[in-house]
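Listed below, chain by chain, are the residues.
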Amino acid sequence: MSTIRVDAKVVMLGKESVGKTSLVERYVHHRFLVGPYQNTIGAAFVAKPIQLGEKVVTLGIWDTAGSERYEAMSRIYYRGARAAIVCYDLTDSSSFQRARFWVKELQNCEEVIEQVLYVLYHILKWETLKVGFFLSSVNNGPRLHTILFVALQQCKIYLCGTKNDLITADRSLRQIDYHDAQDFAEEIGAQYFETSSKTGNNVDELFHKVAEDYNNAAFQFMSEESGVDLGQKKDSYFYSCCHNN
Amino acid sequence: MDGEAQNESVACEKATLAPVDRLRSNRAESPTPGLVEGTEPGAVQKSAFFAHAQSFEDLTAEAEEKAEQEGVVEDSGQTEDELQVLVGERTITEQHAQDVSPQSRSKEEDMSSEAWRSHRKHVFVLSEAGKPIYTRYGSEEALSSTMGVMMALVSFVESDKNTIRSIHADGCKVIFLAKSPLVLVGVSQTYQSDKELLRELQYIYYQIVSLLTLTQLNHIFQNKQNYDLRRLLAGSEYLTDNLLHRLDRDPGLLLSAVTCLPLSNSVRDVVSSSLQAAKAKNLVFSILLAGDRLVTLVRKKDQFLHHIDLHLVMNLVGSSSSFREGEGWTPICLPKFNTAGFFHAHISYLESASDLCLILVSTDREDFFNMSDCKQRFLERLTKRTAYQALKEALKCPSYSVEQVGIPELRHFLYKSKSSGLYTSPEFPELYQSDEEQERLMGLYQDLHSHLHHPVRPLRFFYRCTNKENLLAWVTNGFQLYLCFSPLGTKAMAVSAVNKLLKWIRKEEDRLFILSPLTY
Ligand SMILES: Nc1nc2c(ncn2[C@@H]2O[C@H](COP(=O)(O)OP(=O)(O)OP(=O)(O)O)[C@@H](O)[C@H]2O)c(=O)[nH]1
Ligand SMILES: [Mg+2]
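UniProt lists chain B under the name Protein SAND, with Takifugu rubripes given as the organism. According to UniProt, the comment filed for chain B under the heading Sequence similarities is "Belongs to the MON1/SAND family."

Chain A appears in an unreviewed UniProt entry as RAB24, member RAS oncogene family from Takifugu rubripes.

In structure tokens:
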């Protein structure tokens, strides 16, 4: 056995000290480390297999550093990710602002991919691009393949309010209303969780959901007969720009 | 200063002069230590892995040249008043001490307090616009007025076409290092020379560059002169704190060298060749550490690692437990290699509770999985061999006691082989177990070191008696040696101990040093 095969790339994003590392630590090692806070340097990767019925799905979790210093690097972590767990600290409203920033980044990244795909679609004059078709017959070089592959695998966002135990202990500490967070999650099409790495509350549920969603999507991906119609996206920026000249 | 200092190098060199010969056979047979670089005990047989083993000179040369051209300004009358604010004759602006922001790190301290002022060594970093970036003690916010004074000093002297280098007053030294776009200031109550203090500031400068690159620093300040750099450095202060702590404690930083895990030659060779086999296209350095000790280092052909860069890597790894969780992947600038860009380091421990940490340095930021694969291959290869067990055994005694050398009056020593850039030193003996005593001994070594590296009158040989210990320092083209003896010994005894010690090191050299570094 050499390197572990990873099924789904998961990236943890959020302001520093919101508790990303603690979440991973709780989920992977079932523990909560007390003692002085150690900020992550760069990013840490850990692969975690998870049993879903008969199947085992291995999550490759990227725990990124929240420090602004590494912001430029973060793109390489969320590129190609199937899930982004965007964390904020329930007791710190500035961290919620930062979470909004990350959501925007993720959405921008997806938009770019859609646009690239749209342009490709026009250049190459593909009428309908079926998933099965391109998987077997695209040999326009690895880059194109990667772009198409990445584009068809959407990155799902999971919004996660952390340190729930602090709120349970003292309600006045809550700085982000439950419903505000819930509404925001709905608006961006995300799942919403409130967790505590200290008590373990909701942590397994969060990662389990990530793995399940991946598994369901992968199932659809393989069995879908109709394929993906790329021509549907007519309102994009590139569409108008291409048709103006 | 008590004791005596003389330039005795000539006499001593004659006494032990060995034939200048780099042949391997000769070197192994001859018990007499060579005095020429490349033949001393611990010398490397092929090319070393460090870029410039000249060390100290290399580090301060830049700053010195500048000073020589521009002249040194000390104690100008007009600065006296402002200086007092720095060294704390008067109370430091109290209203500022109150608005220390509550979320600032735990080293909160009342800046107007006696305790704050009595720290032995303060270090401040500020931008050229005078914005605080780092302070060793207390919080930067509370210091802004002090920083203002420092900037006033710096710009006052700069406008005179001079660069202010140091101010001496009242048992206190203030040292300035202008490294555009940063200004570093050290305020010291120790006996260290300006040159030593400057060297430490330089280290702090490199620490900051290693986090951001100089290119990024310049870019930021070109766009916005009064940018608050703490935003980008947030969460890294402890790296600088730890580096300063190491500068007080770690002989490696003093000697510009690193020390190795004592390991039998054959075991080290297996580890090295396993590491060598796990190569990849963009891999530049593979470093295996056991705590702060080097187990082995493999480098790309023609690429050298500078000891400062290695110290920065060690500081990064040693300061953070965050690499214990999974595999770390971080951009890191190695400023002595190139201040412009980032390398990307894969950092992981070989086993979860182990001290063995592997650092794979790649040029490509997309290389994580390749590096992860290299680690896997290295580990697979190594675990199949008995050498791995021997290596883990060796971790249990990462040092040796001075008794093993068999010189009764010898208490402790530092020996650096110049050509390899490696040093060896026994563990601190019973007498120097406490933190204070260790720091005191390091202080004595620092003092010897600055005499041997005095910018105007460097000594080759230095013997000094105090009522607590006798000290001897000796530098040749091949090595640097610092010894600490019991105060009862004589100088003659010390000199003869040196010969005995050098023979012992020669005998043990394949265990204590890495004699044949590998390239991919
Ligand atoms: N009470 C409580 N404290 C928590 C919880 N999760 C994290 N913390 C604390 O919050 C601090 C930061 O946690 P980390 O997990 O290191 O934060 P991070 O998001 O990884 O931070 P960066 O690596 O700097 O981005 C630590 O002191 C943790 O002990 C939680 O669920 N409850
Ligand atoms: Mg973290």
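On we go.
K.L.:
Sorry, what's going on with the overall build of chain B here?
P.N.:
A count of helices and strands for chain B gives 18 helices and 19 strands. The 520 residues of chain B split such that 59% are buried. Expressed as a percentage of contacts within chain B between residues at least 6 apart in sequence, the contacts between residues at least 24 apart total 67%. With the model as given, the accessible surface of chain B reaches about 20600 Å², and the carbon-plus-sulfur share is 49%.

K.L.:
Got a minute to help me understand the overall build of chain A in this structure?
P.N.:
Helix and strand counts for chain A come out as 9 helices and 6 strands. Expressed as a percentage of its 245 residues, the buried residues of chain A come to 47%. Expressed as a percentage of contacts within chain A between residues at least 6 apart in sequence, the contacts between residues at least 24 apart total 74%. About 12700 Å² of surface is accessible on chain A, with carbon and sulfur atoms providing 51% of the total.

K.L.:
Mind showing me how you'd approach the coordination of the magnesium ion (ligand 2) here?
P.N.:
Six octahedral donors at a metal ideally form angles of 90 or 180 degrees, and four tetrahedral donors ideally form angles of 109.5 degrees. Surrounding the magnesium ion (ligand 2) are the protein donor atoms T21 of chain A (OG1) and T40 of chain A (OG1), at 1.9 to 2.0 Å. Here T21 of chain A, found in helix α1 (residues 20–29), pairs with T40 of chain A, found in the loop between α1 and β2 (43–52); they are 19 residues apart in sequence, far enough to count as distant.

K.L.:
Any chance you could explain the environment of A473 of chain B here in plain terms?
P.N.:
Tracing the sequence through the fold places A473 of chain B in strand β17 (residues 470–475). Filtering out sequence-adjacent residues up to four positions away, A473 of chain B remains in contact with L448, L452, R460, F461, F462, L481 and Y482 of chain B.

K.L.:
Would you mind showing me how to read the site of ligand 1 here?
P.N.:
All names here are of chain A. Around ligand 1, the surrounding shell holds 20 residues, and the nearest of these are T21, S22, Y37, G66 and D165. K20 has a polar side-chain atom sitting 2.7 Å from an oxygen atom of ligand 1. Between ligand 1 and G66, the relevant distance is 2.7 Å, taken from an oxygen atom to a main-chain nitrogen or oxygen of the residue. Contributions of two or more residues to the shell around ligand 1 are made by α1 and α6 (164–169). The element contributing the most residues to the shell around ligand 1 is α1, with 3 residues. When grouped by side-chain class, the residues that make up the shell around ligand 1 number 5 nonpolar, 10 polar and 5 charged.

K.L.:
What is the right way to look at the sheet that holds strand β5 (residues 166–169) of chain B in this model?
P.N.:
The strands making up a sheet associate through backbone hydrogen bonding, with each pair oriented either parallel or antiparallel. All names here are of chain B. Spatial ordering of the open sheet is given by β3-β2-β7-β6-β5, a layout of 5 strands whose pairing is antiparallel. Lying at the two open borders of the sheet, with one neighbouring strand each, are β3 (132–135) and β5. For this sheet the average axis-to-axis angle between neighbouring strands, irrespective of direction, equals 15 degrees. In this sheet, β3 lies alongside strand β2 (residues 121–127) in antiparallel orientation, the contact comprising 3 bridges. If you follow L126 over to β3, its bridge partner there is P132. Lying over the sheet, helix α8 (residues 194–212) contacts β2, β5, β6 (172–179) and β7 (182–188), oriented at roughly 45 degrees with respect to β6. Lying on the sheet, helix α11 (residues 237–249) is in contact with β2 and β3; it crosses β3 at an angle near 45 degrees.

K.L.:
Whenever I open this one, the packing of aromatic side chains confuses me. Can you help?
P.N.:
Centre distance and the angle of the planes are the two values used to describe a pair of aromatic rings. Applying the stated criterion across every chain yields a total of 21 aromatic pairs over all chains. When the centroid spacing of 5.5 Å and the interplanar angle of 55 degrees are considered together, the rings of Y205 of chain B and Y206 of chain B count as tilted. Among the residues examined, Y205 of chain B registers a relative accessible area of 5% and is labelled buried. The class for Y206 of chain B is buried, based on a relative accessible area of 5%. When the centroid spacing of 6.1 Å and the interplanar angle of 80 degrees are considered together, the rings of Y415 of chain B and F513 of chain B count as edge-to-face. A residue pair is termed long-range when its members are at least 10 positions apart, and Y415 of chain B in strand β14 (residues 410–417) and F513 of chain B in the loop between α18 (491–512) and β19 (518–519) qualify at 98 residues. F513 of chain B carries the same exposure label as Y415 of chain B, and that label is buried. Every member of this aromatic cluster is reached through a ring pair, and the members are F45, W62 and Y77 of chain A together with W329, F368 and F369 of chain B.

K.L.:
When you look at the domain arrangement of chain B in this model, what are you seeing that I'm missing?
P.N.:
Where the parts come together, the accessible area they lose is often given as the size of the interface. Residues and elements named next belong to chain B. Partitioning chain B into domains gives domain 1 (111–254), domain 2 (263–396) and domain 3 (402–512). Taken residue by residue, the interface counts 13 residues in domain 1 and 12 residues in domain 3. Where domain 1 packs against domain 3, one counts 2 salt bridges. With a shortest N-O distance of 3.7 Å, R249 and E439 are connected by a salt bridge. The interface formed by domain 1 and domain 3 holds 6 residue pairs in polar contact (both at pLDDT 80 or more) in total. Elements supplying a minimum of two residues to the side of domain 1 that touches domain 3: α8, α11 and α12 (251–255). For the side of domain 1 that touches domain 3, a count of residues per class yields 3 nonpolar, 3 polar and 7 charged.

K.L.:
How should I be thinking about the pattern of salt bridges in this particular structure?
P.N.:
Pairing is possible between side chains of opposite charge, provided their charged atoms come close. One pass over the full model with this rule turns up 28 salt bridges over all chains. Here E194 of chain A and R174 of chain A are joined by a salt bridge, their closest N and O atoms 2.8 Å apart. With a gap of 20 residues between them, E194 of chain A in strand β6 (residues 191–194) and R174 of chain A in the loop between α6 and α7 (178–187) connect regions that are remote in the sequence. Its relative accessible area of 9% is what places E194 of chain A among the buried residues. Of the charged contacts in the structure, one is a salt bridge between E469 of chain B and R440 of chain B, with a shortest N-O distance of 2.9 Å. Linking E469 of chain B in the loop between β16 (461–465) and β17 with R440 of chain B in helix α17 (residues 435–452), this pair joins segments that are 29 residues apart in sequence. Classification of E469 of chain B by relative accessible area gives buried; the value is 1%. Sharing partners across several salt bridges, the network here consists of K121, R136, E200 and D248 of chain B.

K.L.:
Teacher, can you tell me more about helix α9 (residues 214–223) of chain B here?
P.N.:
Side chains three or four residues apart in an α-helix point the same way, a direct result of the helix having 3.6 residues per turn. All names here are of chain B. All of the buried residues along α9 are L214, L217, I220 and F221. End-on view of α9: buried residues confined to an arc of 125 degrees, all on one side of the axis. The exposed set on the far side of α9, more than 90 degrees from its buried face, consists of Q222 and N223. Lining the buried residues of α9 we find β2, β3, β7, α8 and α10 (230–233).

Cut-offs and rules
Residues numbered from 1 in each chain as written. Chains lettered and ligands numbered in written order. Predicted model: local features only at pLDDT ≥ 70, side-chain atom pairs only at ≥ 80, totals over all residues. Heavy atoms only, no water. UniProt positions renumbered as here; feature names shortened; annotations may be inferred. Helix = DSSP H or I, 4+ residues; strand = E, 2+ residues; numbered from the N terminus. Buried < 20%, exposed > 50% of the residue type's maximum accessible area, 1.4 Å probe, protein only. Contact = heavy atoms within 4.5 Å. Areas by Shrake-Rupley, 256 points an atom, 1.4 Å probe, with all protein chains shown as cover. Donors = N, O, S within 2.8 Å, 3.2 Å for Na, K, Ca; no water. Near = heavy atom within 4 Å. Polar contact = N/O pair within 3.5 Å; in protein donor to acceptor, adjacent residues only side chain to side chain. Nonpolar A, V, L, I, M, F, W, Y, C, P; charged D, E, K, R; others polar. Pairing = 2+ DSSP bridges. Axes fitted to C-alpha atoms, helices over the stretch in contact; angles between N-to-C directions. Phe/Tyr/Trp six-rings, centres within 6.5 Å; stacked < 30°, edge-to-face > 60°. Domains from an automatic or database assignment. Salt bridge = Lys/Arg side-chain N within 4 Å of Asp/Glu carboxyl O. Arc of directions from axis to C-beta.

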